Amino acid sequence: MSKTLIIAEKPSVATDLARVLGKELGKFTRDKSGSFYQNDKAIITSAVGHLLEQKKPMTEGGKSLPWKFDYLPVIPKSFELEPIKQSEDRLKKVLQLARSKDVTEIVNACDAGREGELIFHNLVRYGKWTKPARRLWMQSMTDEAILNAWHSMRSEADMQPLTNAAVCRSESDWLIGLNSTRALTILQSRGGFSVTPAGRVQTPTLAILTQRELEIQAFEPEPYSEVWADFGVQSGVYSGRWIDRGWKKNDNPHSRAERIWDSALATVIRDRCLGKSGTVTEEKKPVTTIAPLLYDLTSLQREAANRYGFSAKRTLQLAQECYEKHKVLTYPRTDSRYLPEDYLGKVYGIVGAVAEENAEFAPFARDILDNKRVKPNRRVFDTKKVSDHFAIIPTGKIEKLSGDVQKLFEMVMARFLAVFFPPAVFEDTRRTTLIDHRDGVTDAFLTTGRVLVEPGWQAVYGRKAGSSSKEELVPVQDGEQAAVREIEIRNAMTKPPARYNEATLLAAMEGAGKLVHDEELAAAMSERGLGTPATRASIIEGLISQEYIARDGRDLLATRRGIELIALLERIGLKTLTSPSLTGEWEYKLKQMEQASLGRESFMDGIKKLTGEIVKRVHDFQEAQQQVELPEMDLDCPCCHAHGLKNTLDAVSCRSCKFSIRKVISGREMADEELKTLIVDGRTGILQGFTSRFGKPFEAGLELNDKCRATLYFPAREEDESAVNEEAVKAASVIVPGMGEHDVMETAKAWKLPTLTAGKENTPVSVARTILGREIPLDQVLKILSEGKSDLMKGFISQRTKRPFDAYLVFNSKLGKIGFEFPPREKKYPARKAAGSGKNAKESKESKGKEGKPKAK
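Parameters and conventions
- Residues numbered from 1 in each chain as written.
- Predicted model: local features only at pLDDT ≥ 70, side-chain atom pairs only at ≥ 80, totals over all residues.
- Heavy atoms only, no water.
- Helix = DSSP H or I, 4+ residues; strand = E, 2+ residues; numbered from the N terminus.
- Buried < 20%, exposed > 50% of the residue type's maximum accessible area, 1.4 Å probe, protein only.
- Contact = heavy atoms within 4.5 Å.
- Areas by Shrake-Rupley, 256 points an atom, 1.4 Å probe, with all protein chains shown as cover.
- Lys, Arg positive; Asp, Glu negative; His and termini not counted.
- Charge placed at Lys NZ, Arg CZ, Asp CG, Glu CD.
- Axes fitted to C-alpha atoms, helices over the stretch in contact; angles between N-to-C directions.
- Parallel < 35°, antiparallel > 145°, perpendicular 65-115°, else oblique.
- Nonpolar A, V, L, I, M, F, W, Y, C, P; charged D, E, K, R; others polar.
- Pairing = 2+ DSSP bridges.

## Description of the overall build of the chain
Looking only at helices and strands, the chain features 22 helices and 36 strands. Its C-alpha atoms give the chain principal-axis dimensions of about 95 × 95 × 65 Å. Taking all 857 residues of the chain together, the buried fraction comes to 47%. Long-range pairs, those at least 24 residues apart, make up 65% of the contacts in the chain between residues at least 6 apart in sequence. A total of about 44200 Å² of accessible surface is found on the chain, and carbon and sulfur atoms cover 49% of it. In the chain, 130 side chains carry a positive charge and 118 a negative one; their mean positions are 4 Å apart.

Here's what the structure looks like:
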């Protein structure tokens, strides 16, 4: 009997398909291995995301491709695929099912969009399937949406343009990323191996953070003053701030109508207004604000970061859980904030379910139904603005949730209901107090206020009429005289631009098209920006893992490594990799491809040409660097004894023989004095900062062998410990609670207690002389051992962020180890108020970031 094989992207989707399609095709039973469902008509299985990846570059002999310019650019004639090791077993099962004689048709039920199309296409290509295929295009996981998609499947021909765009995007990222990374790594390693990742999306994102960090570093604060006065009127007292009524916006980004740059002028204003009265005028006007659009993934991540401090990665995890596990939200990996125009009936059904089953939001849902608020509205229903998926909304299923999942679900539910409510109406008050002086000078003081008159959509968020966003103003009569009760000068300094946090960086990535000057490319990027909503979280996490950026509380900052990479790319002239314009160009062309107006070959020809240009620029830069000569070293060649050694950025070498020493050895840049010691004495002391090919740090010395080549030698091992111990000098004695009295011996690198052993291996206790850049004096060592804890010590340097921090050193007597204890952190964010505790207070979560705890060595 012929069967249809249905391949979903995730196991949870396969389970839903079996449950829903079983109503039409007959009940499905699960295989004993749990990898597929089947009945007489169909088999349903799944991938686990991507099962295949681009094959790593190899030589013709099948060996790993050397990291040398001789082998770049890597542009394969055909892009071969290979299994991802972690999911190889799942791949074998899917291939086995697809090759089964019973299977006569294959259905692509992967997620709707480029990536889902790529996952399925790679399976077809790798498995060399020739069986006919159709596309199950699901934009939601409700039963109704699945059945509708099943009855309106798309053909292979319909999907070919999207398949082409998906494959081109994948192959292009591989070409640019691999060749850029290898070329930059070769350039940066210079005798070692220092992987320098680069790519079309992550590098422009790093450039955004780097630019902000450089702005902050270069910022010079300027002092300014403001003059504030308290005015007394018949009904009470109000405050006002002096303003320059003739002020106009200018090139100074810190200029404001209220800022006074001359402190003497501020004093003059204060003195001439002291004890005077002013005339009050007031303008009141209604201001309406409409509800924000429905969420796409990026806007959801931004608000969750602002409200709860969730990382983009965490928000995506929670949204996926709501979609896959609980079925309470629609597909989250979307870049659309609209619903299809034929979705009105579905929305009514969702609102009806909320009105009956969700106690918290039921009153607002009933209001929508009673007042028939769900109407055709382009701010909500616009098919033209729905891409692969529509906005994130509730599905109508109500399930008991808790913790962070509940918080995220409530955010989406509130936004969904709010868009159907009328605008909120505020009354804005602009009160001006004018103080006239005999010399014709008039000083103006401005006071503003806002009162909510009609809550509209803000009622969903607990706002009520009469609430004020600021302290409520006392009433005044127009023309009333206001006496100056108190007046003061408030001095302040201009502040540098704020560092990006997760929310603002996501906004910058989404709006990166604004940085592109070409209108067509900017328009193409307006829909996607840098990365996609589904990939932006992983891009940020990738930059952190590569140590290009670091988290500091909620802030994200470019590290020295990241800043140096962007500076290097600018020196090379590779603005292509630091500007979002490359992504803009790709998105413009890929969109054309999706619409079948651009051929795949034409696009890939351009990418291959660009790949070659990138490699050539890096190679030319390296050659130019090697030609730069520094002042000659006034030394004799240790090999041929000729006087005067050639000195370049890369190496020190002899002009008469082949003697040469590279300036970077095993990832460590050698100082000139260290090289001179090696050349003159034939040997250096033990040095730190070397890095192995696998990225592990180590310490070693350098010596010249009999062929005058620099080789590594390593410090004495445990068998040579006796020699080291002979150099130890008694420094003090200390009583360790419960462990008796012991001598503290001083060596070049540590304070050692040979007679005090601890831990499973009973090794002697020792305290390093220097821990994370901070010298540890004897008095603190004695305090740690006798009291268990040092004084608060300042000046440790974090290995991760390279930033200084303060900590106590503590002694663990069971393990015999020294560790850190951190002082309590100041609360950076106000605690979140309980529901209903404040009408206007903005909810925020107390920052609970933990200091990283580097291990003491």
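## With respect to the packing of helix H5 (residues 156–189) against helix H18 (residues 581–594)
The interhelical angle for the contact between H5 and H18, taken along N-to-C directions, is 150 degrees, at an axis separation of 7 Å. The orientation of H5 relative to H18 falls into the category roughly antiparallel. Where H5 abuts H18, its residues Pro161, Leu162, Asn164, Ala165, Cys168, Arg169, Ser172, Asp173 and Ile176 lie against Trp586, Leu590, Met593 and Glu594. Residues that form the contact of H5 with H18 fall into these classes: eight nonpolar, two polar and three charged.

## With respect to the sheet that holds strand E26 (residues 697–704)
Across the sheet, three strands lie side by side as E25-E26-E27; this open sheet has antiparallel pairing. Strands at the two margins of the open sheet, each flanked by one partner only, are strand E25 (687–691) and strand E27 (710–713). Strand-to-strand twist of the sheet, defined as the mean angle between neighbouring strand axes without regard to direction, takes the value 60 degrees. One ladder, built from three bridges, connects E25 with E26; its direction is antiparallel. When the sheet's bridge partners are listed, Phe690 is paired in E26 with Phe698. Each of E25, E26 and E27 is contacted by helix H20 (residues 672–681), which is oriented at about 40 degrees to E26, the strand it contacts most.

## What to know about the environment of Gln458
Residue position: Gln458 is located in the loop between strand E14 (442–454) and strand E15 (481–493). What makes Gln458 buried here is its relative accessible area of 11%. A sequence separation of 275 residues divides Gln458 from Ser733, and the C-alpha atoms of the two residues are 70 Å apart. Here Gln458 is in contact with Thr289, Ala424, Phe426 and Arg463, once residues within four sequence places are set aside.

## A short note on unusual backbone geometry
Along the chain, Leu72 connects to Pro73 via a cis peptide bond; the corresponding omega equals 0 degrees. Its place among the elements puts Pro73 in the loop between strand E5 (52–54) and strand E6 (81–83). Here the phi dihedral of Lys372 falls at roughly 50 degrees; this positive angle occurs in a residue that is not glycine. Mapped onto the elements, Lys372 comes out in the loop between helix H11 (362–370) and helix H12 (403–418). Residue classification places Lys372 among the exposed positions, given a relative accessible area of 59%. Non-glycine residue His641 carries a positive phi angle of around 70 degrees. Mapped onto the secondary structure, His641 falls in the loop between strand E19 (629–636) and strand E20 (643–648). On the basis of relative accessibility, which here comes to 59%, the residue His641 falls in the exposed class.

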